[in-house]
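# A closer look at the structure
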Amino acid sequence: MQKSTLLISALLLASSAFGAKADCLWLAGDALSYGWSLDDATAILSTPEDAALFTGTVYLQGGKDFKFLTTTDFGNEEYGSAPDATLVDGTIAIAKGKGDTGYGKIQVPEDANYLITVNTTAMSATIVKSVYQEKPVNTASLFLVGDATPNGWDVMKGTPLYQNPAEPYVLSNPAIAMTAGSFKIAAELKGACSFDAKYWYFRNADDAAKIARAQEGDLQWSIPEDGNYSVSVNLNTDAIDVDKVVPTAIDSVLAGESAPAEYYTLEGIRVENPGRGIYLRKCGSTVTKLYVK
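In short, a report on the structure. Everything numeric here is computed off the predicted structure, so don't read it as measured data.

### Digging into the overall build of the protein chain
From N to C terminus, the protein chain includes two helices and 21 strands. The proportion of buried residues among the 293 residues of the protein chain is 45%. Considering only contacts within the protein chain whose residues lie at least 6 apart along the sequence, 57% involve residues at least 24 apart. Element-wise, carbon and sulfur atoms account for 52% of the exposed surface of the protein chain, whose accessible area totals about 14,000 Å².

What follows is the structure in structure tokens.
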């Protein structure tokens, strides 16, 4: 039994260490707090609506280089500035290549938290100062990993938590299909593939509603039953909220499938202009869940 467990763990680690994750662009460079260390690199995430549009907020040092990587290893497809392109009014043309060939490094003018958006279809990026500047933001994404999560213990397939653009220290996902089991939180994916505790957030030993970095004992959060769960983490306060989502049914609409979209709260209250939060979108007889950032 022990040999089988070790073999399964080794196979999972080998597959995770490949370093490719389609919804991530990793940042590396002297402009980042961790420099060129990919074990410690954070990733901006593609939006659920557009796989080619990546966004996130991170602290960058002015006048220093950085670039975007599609894997957690150098030498694969990477993005940087297009030849002779510079950041003008927060916008820059980008190019892709390998091994520092086919693109240039990017620089920002001053130290600050920057809201970054990269469009790999239009081959452009916007890099503008974030509205939030109280503390440096060094983590642009987090990932849930565990037997309660959709992809189990495969670290590189961890379920993402997305930043709130106005409050980038808050990362959340409003509807994760979970099964009874447990999970913990990977902070940096490449480092987390080693399962070294310093790359993980664990359940605080004294307060289950708090996260703890690099804690001993591999304490995890428990999911008591199958269902959709919302998870939110506040990195400034170390608070974590894990709640089961119980959708409220809305009466069917007699209009056809071509009817205009209508939006409702989970309590069934119609909303004309949805703000940030979770809503039900009804178009004819089709109802889908929508998360507005």
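Back to the write-up after that little detour.
### Structural notes on the nonpolar core
Considering soluble globular proteins, one finds that nonpolar side chains tend to be buried as a cluster. Ile44, Leu60, Phe66, Phe68, Ile116, Val118 and Ile127 are the most contacted members of the largest nonpolar core, which has 43 residues in total. If one sorts the elements of this core by residue count, strand S1 (residues 24-28) sits on top with five residues. Among residues more than four places away in sequence, those in contact with Phe66 are Ala28, Gly29, Ala31, Leu32, Leu60, Lys105, Ile106, Gln107, Val108 and Ile127.

### What to know about unusual backbone geometry
Phi is positive for Asp100, which is not a glycine, with a value near 60°. Within the element layout of this structure, Asp100 appears in the loop between strand S6 (91-97) and strand S7 (112-119). Of note in the backbone geometry, Ala214 takes a positive phi value of approximately 55° without being a glycine. With respect to the secondary-structure elements, Ala214 resides in the loop between strand S14 (211-213) and strand S15 (221-223).

### Quick look at the sheet that holds S6
One closed barrel accounts for eight strands, arranged S1-S2-S3-S7-S8-S6-S5-S4; its pairing is antiparallel. Averaged over all pairs of adjacent strands, the angle between their axes in this sheet comes to 30°, without regard to strand direction. Relative to strand S2 (residues 43-47), S1 runs antiparallel, the two sharing three bridges. Bridge pairing in S2 places Trp26 opposite Ala43.

### Things to note about the pairing of strand S5 (residues 78-81)
Where strand S4 (residues 67-69) meets S5, two bridges bridge the pair, whose relative direction is antiparallel. When the sheet's bridge partners are listed, Phe68 is paired in S5 with Tyr79. Pairing geometry for S5 and S6, over four bridges, is antiparallel. Across the sheet, Tyr79 pairs through a bridge with Lys96, a residue of S6.

### With respect to the environment of Thr42
Inspection of the secondary structure puts Thr42 in the loop between S1 and S2. Overall, Thr42 belongs to the buried group, its relative accessible area being 2%. Along the sequence, Thr42 and Asn138 sit 96 residues apart, while their C-alpha atoms lie 7.4 Å from each other. When near neighbours in sequence (up to four residues on either side) are disregarded, Thr42 contacts Leu25, Trp26, Leu27, Tyr34, Val58, Asn138, Thr139, Ala140 and Ser141. Within polar-contact distance, the side chain of Thr42 engages the backbone nitrogen of Ala140 at 2.8 Å.

### Looking at the packing of aromatic side chains
Enumeration according to the criterion identifies five aromatic pairs in this entry. Relative to Phe68, the ring of Phe66 lies with its centre 5.7 Å away and its plane at 85°, an arrangement referred to as edge-to-face. Just as Phe66 is buried, Phe68 falls in that class too. Between the NZ or CZ atom of Lys184 and the centre of the ring of Trp200, over which it lies, the distance is 4.7 Å. A cation over an aromatic ring shows up here: Arg213 above the ring of Tyr201, its NZ or CZ 5.0 Å from the ring centre.

### Some words on the side chain of Gln163
Mapped onto the elements, Gln163 comes out in strand S10 (residues 159-163). Here Thr57 takes part through its backbone nitrogen, which lies 2.6 Å from a polar atom of the side chain of Gln163. Within polar-contact distance, the side chain of Gln163 engages the backbone oxygen of Pro168 at 3.2 Å.

### Considering the pattern of salt bridges
Pairing between side chains of opposite charge can happen when the charged atoms of each approach one another. This structure, assessed with the given rule, holds ten salt bridges. One salt bridge connects Lys190 with Asp73, and the closest N-O pair in it is separated by 2.9 Å. Of this pair, Lys190 sits in helix H2 (residues 189-192) while Asp73 sits in the loop between S4 and S5, placing them 117 residues apart in sequence. For Lys190, a relative accessible area of 26% corresponds to the partly exposed category. By relative accessible area, which is 26% here, Asp73 ends up partly exposed. A salt bridge links Lys129 to Glu110, with the shortest nitrogen-to-oxygen separation between them at 3.6 Å. One end of the pair, Lys129, is in strand S8 (residues 124-129); the other, Glu110, is in the loop between S6 and S7, and 19 residues separate them in sequence. A network of salt bridges, in which partner residues are shared, links Lys67, Glu78, Asp100 and Lys105.

### Focus: the environment of Leu290
Within the secondary structure layout, Leu290 lies in strand S21 (residues 286-292). It is 8.9 Å that separates the C-alpha atoms of Leu290 and Tyr263, two residues lying 27 residues apart in sequence.

The rules we used
Sequence order as written defines the numbering, with residues in each chain counted from 1. Per-residue local features are limited, in this predicted model, to residues with pLDDT of at least 70; the limit for side-chain atom pairs, both in listing and counting, is 80 or more; totals at the level of whole chains, interfaces and linings are taken over all residues. Only hydrogens and water are removed before side-chain values are computed, so all heavy atoms of the structure are retained for them. Secondary structure elements are taken from DSSP: a helix is a run of H or I of four residues or more, a strand is a run of E of two residues or more, and numbering for both begins at the N terminus. Here's how the labels work: a residue is buried when its accessible area is under 20% of the maximum for its type, exposed when over 50%, partly exposed in between, all with a 1.4 Å probe on protein chains only. Contacts are residue-level and defined by heavy atoms, with any inter-residue pair within 4.5 Å sufficient. Computed by Shrake-Rupley with a 1.4 Å probe, the accessible areas treat only the displayed protein chains as cover when residues are assessed. In this text, buried Ala, Val, Leu, Ile, Met, Phe, Trp, Tyr and Cys residues form a nonpolar core when linked through side-chain atoms within 4.5 Å. Criterion used throughout: strands pair if DSSP finds at least two bridges between them. In this description, a line fitted to the C-alpha atoms serves as the axis of each element, helices being fitted only across the stretch in contact, and the angle between N-to-C directions of two axes falls anywhere from 0 to 180 degrees. Any N or O atom pair separated by 3.5 Å or less is treated as a polar contact, with the protein-specific requirement of one donor-capable and one acceptor-capable atom, and with residues adjacent in sequence counted only for side-chain atom pairs. Pairs were defined over the aromatic rings of Phe, Tyr and Trp, the Trp ring being its six-membered one, requiring ring centres within 6.5 Å. Orientation was assigned from the angle between planes: stacked under 30 degrees, edge-to-face over 60, tilted for the rest. A ring is scored as having a charge over it whenever the NZ atom of a lysine or the CZ atom of an arginine sits within 6 Å of its centre and within 35 degrees of its normal. Salt bridges are counted wherever a side-chain nitrogen of Lys or Arg sits within 4 Å of a carboxyl oxygen of Asp or Glu.

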